[in-house]
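Architecture at a glance
What follows is each chain in one-letter form.
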Amino acid sequence: MVSVDSAEKTPLRILAVVQWYPPAYKAGGPIRSVHNLVQLLQREESVSVEVVCGVSDLGDNSPLPGINANQWVRRENVSIRYQSNPSPWFWWKKLQGNINEPRPDIVYLNSVFGLSFSIVPMVVSKLFGIRVLLAPRGMLGEGALAIKRKKKKAFLFMAKALGLYKGIAWHASTAQEKKEIQAVFSRPEVKVALNLPHPATECANPSWDETQHWLMLGRIQRKKNFHFALQALQNVALRDKKIVVELVGPAEDEGYLTSLLAFKKEGVRVVYAGAKPPERLKEVWERTHAMLLPTQHENFGHVVLESWAHGRLVMLSNQTPWQGLEGLEVGWDLPLVLRDWTDAMQVLVDLTEEEWLQKAKQCRHYHARVLANPELVQSNLALFLEG
């Protein structure tokens, strides 16, 4: 394991900055990515890690339940500050440091475009000569940049002209994200480390009768492309079976949600269960047979690993890092072509209980393989402890 001799050196001080952090959950994968990494770092004797994050969940104005805002608290062996509207002066004082609170050695950021929780602390960090590591969390992918394209293009043009991101290092979650960073910035320093996935989970199998439950889990927004899956489902022959498509996640686009719920096909129901905190998702997984993710771009896809952890098949677009799934018997990764999705859905509908149980077993085995990869922990520690 990568390490620093704590007997000879003071701990490496890392400040993780992220807008949403547990108990926040509505922003999905990025929250889990940062939380899992922070938990890994806090177990290292050679590291001291702190977190500064926002006080509210995605789309909420009220503070998170059970937090003490604007003061340092200890949660899960980590010092965390849930800060409301951090000003440039807040960041100046925090990053300048003092005898009681030395300045960090590394500031770890998790947004490209966020002002209060990324751009301002990045600028102040550079003024104090603090190393900056920035994880774009999929924001530089083609699909993500297509949303508010003109505004983002103008910002990136100005940022590059001003050298805003000059001298920082980047954390890419996949080799594909490394290419996305390199496509935007000239000769960036990029380190690749796969996000730490969801742990193995005990989960009862769903009942097997004439009804299959398919889950679409995530922020209800057009980027997730959920309507595409429903369009493909329109041409599936149900053969006296029924399908319940369950949408779970914060409704960021109410009009989009309404259009999804308006889907009509005999034998199919589309239902919305709202956003659910992690501790309440187990009941959803226990009634789920497969998870659908027809995304136009997914940087990592924690929900994919979460599906396999629960022994559930996945049906994904080929715009995620997870490829070759049909040969592994853990699902499908498909181009966004309606006929391809309809054909795969037909296979799913026609599965027998015995076939499904075998594939569910394969899903758990594949998840265990991902977790057992020795480079997973090593590469994440190396982000901070090397170079």
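Our structure is the block above this text.
Structure report, in brief. Bear in mind that the values here come from a model prediction, so they are computed numbers and not experimental data.

1. Quick word on the overall build of the chain
The secondary structure content of the chain amounts to 14 helices and 14 strands. Against the globule reference of 21 Å for 387 residues, the chain gives a C-alpha radius of gyration of 22 Å, in line with a compact fold. The dimensions of the chain, computed from C-alpha atoms along their principal axes, are 70 × 45 × 40 Å. By the burial criterion, 53% of the 387 residues in the chain qualify as buried. Considering only contacts in the chain between residues 6 or more positions apart, those separated by 24 or more positions represent 72%. Looking at the chain as shown, the accessible area adds up to about 18000 Å², and 51% of this sits on carbon and sulfur atoms. Within the chain, the 39 negative side-chain charges are centred at a point lying 8 Å from the centre of the 46 positive side-chain charges.

2. Quick look at the sheet that holds strand β4 (residues 78-82)
Spatial ordering of the open sheet is given by β3-β4-β2-β1-β5-β6-β7-β8, a layout of eight strands whose pairing is mixed. The sheet terminates laterally at β3 (72-75) and β8 (189-192), the two strands that pair on one side only. Averaged over all adjacent pairs, the angle separating strand axes in this sheet is 25°, with direction ignored. Where strand β6 (residues 131-134) meets strand β7 (residues 169-172), two bridges bridge the pair, whose relative direction is parallel. When the sheet's bridge partners are listed, L134 is paired in β7 with W170.

3. Considerations on the packing of helix α1 (residues 29-42) against helix α10 (residues 302-309)
Two elements in contact, α1 and α10, have axes separated by 9 Å at closest approach and are oriented at 75°. Of the possible angle classes, the one that applies to α1 and α10 is roughly perpendicular. The segment α1 lies against α10, with G29, R32, S33 and N36 engaging H302, V303 and E306. When its residues are assigned to classes, the contact of α1 with α10 shows one nonpolar, four polar and two charged.

4. Observations regarding the sheet that holds strand β14 (residues 331-334)
Reading across from one edge, β11-β10-β9-β12-β13-β14 is the order of the six strands in this open sheet, with parallel pairing throughout. Of all the strands in the sheet, the pair left with one neighbour each is β11 (268-272) and β14. Ignoring which end each strand starts from, the neighbouring axes of this sheet average 20° apart. Here α10 sits on the sheet and contacts β9 (211-217), β12 (290-293) and β13 (313-317); the angle it forms with β12, its principal contact strand, is near 170°. Along the sheet face, helix α12 (residues 338-350) touches β9, β10 (242-248), β12, β13 and β14 and points at about 175° away from the line of β13.

5. Overview of the pattern of salt bridges
According to the stated counting rule, one finds 12 salt bridges in the structure shown. For the salt bridge of E298 with K224, the shortest nitrogen-to-oxygen distance reads 3.2 Å. Remark: K224 occurs in the loop between β9 and α7 (226-233) and E298 occurs in the loop between β12 and α10; sequence separation between them is 74 residues. Each of E50, K94 and E101 takes part in one network of salt bridges that share partners.

6. A closer look at the side chain of H297
Along the polypeptide, H297 turns up in the loop between β12 and α10. Polar side-chain contacts of H297 include one of 2.9 Å to the side chain of E180. When neighbours within four sequence positions are excluded, H297 is seen to be in contact with G138, G141, E142, G143, E180, K223 and Q319.

7. A word on unusual backbone geometry
Residues P22 and P23 are joined by a peptide bond in cis, for which omega reads 15°. Structurally, the position occupied by P23 is in the loop between β1 (12-18) and α1. The phi dihedral of N85 is positive, around 45°, even though this residue is not glycine. Mapped onto the elements of the fold, N85 is located in the loop between β4 and α2 (88-96). The class of N85 is exposed, set by a relative accessible area of 72%. A positive phi angle, near 45°, is found at R187, a position not held by glycine. Position of R187 among the secondary structure elements: in the loop between α6 (175-184) and β8. Using a relative accessible area of 78% as the deciding quantity, one classes R187 as exposed.

8. Regarding the environment of G143
In this fold, G143 is placed in helix α4 (residues 142-146). With relative accessibility at 17%, the residue G143 sits in the buried group.

What counts and how
Every chain is numbered independently, its residues counted from 1 as its sequence is written. Under the rules for a predicted model, residues below a pLDDT of 70 receive no local features and side-chain atom pairs below 80 are neither given nor counted, while totals for whole chains, interfaces and linings still include all residues. Neither water nor hydrogens contribute to the side-chain values; these are computed over all heavy atoms in the structure. Numbering of helices and strands runs from the N terminus, with a helix taken as a DSSP run of H or I at least four residues long and a strand as a DSSP run of E at least two residues long. Within these notes, the globule rule equals 2.2 Å times the number of residues to the 0.38 power, and the radius of gyration is based on C-alpha atoms. The classification of residues rests on relative accessible area computed with a 1.4 Å probe and restricted to protein chains. Under 20% of the type maximum is buried, over 50% is exposed, and intermediate values are partly exposed. Whether two residues are in contact is decided by their heavy atoms: any pair within 4.5 Å suffices. Here, Shrake-Rupley sampling with a 1.4 Å probe gives the accessible areas, and only protein chains in the shown set may cover a residue. Counting rule for charge: Lys and Arg are taken as positive, Asp and Glu as negative, and neither His nor the chain ends is counted. Each charge is placed at NZ for Lys, CZ for Arg, CG for Asp and CD for Glu. When DSSP finds two or more bridges between a pair of strands, those strands are recorded as paired. Axis definition: a line fit to C-alpha positions, over the contact stretch in the case of helices; interaxial angles, taken between N-to-C directions, run 0 to 180 degrees. An angle counts as roughly parallel when it lies under 35 degrees, as roughly antiparallel when it exceeds 145, as roughly perpendicular when it falls between 65 and 115, and as oblique in every other case. Each residue is assigned to one of three groups, with Ala, Val, Leu, Ile, Met, Phe, Trp, Tyr, Cys and Pro labelled nonpolar, Asp, Glu, Lys and Arg labelled charged, and all others, Gly among them, labelled polar. Salt bridge, as used here, is a side-chain nitrogen of Lys or Arg placed within 4 Å of a carboxyl oxygen of Asp or Glu. Side-chain atoms alone can form a polar contact between residues adjacent in sequence; in general such a contact is a pair of N or O atoms within 3.5 Å, and within protein one must be able to donate a hydrogen while the other accepts it.

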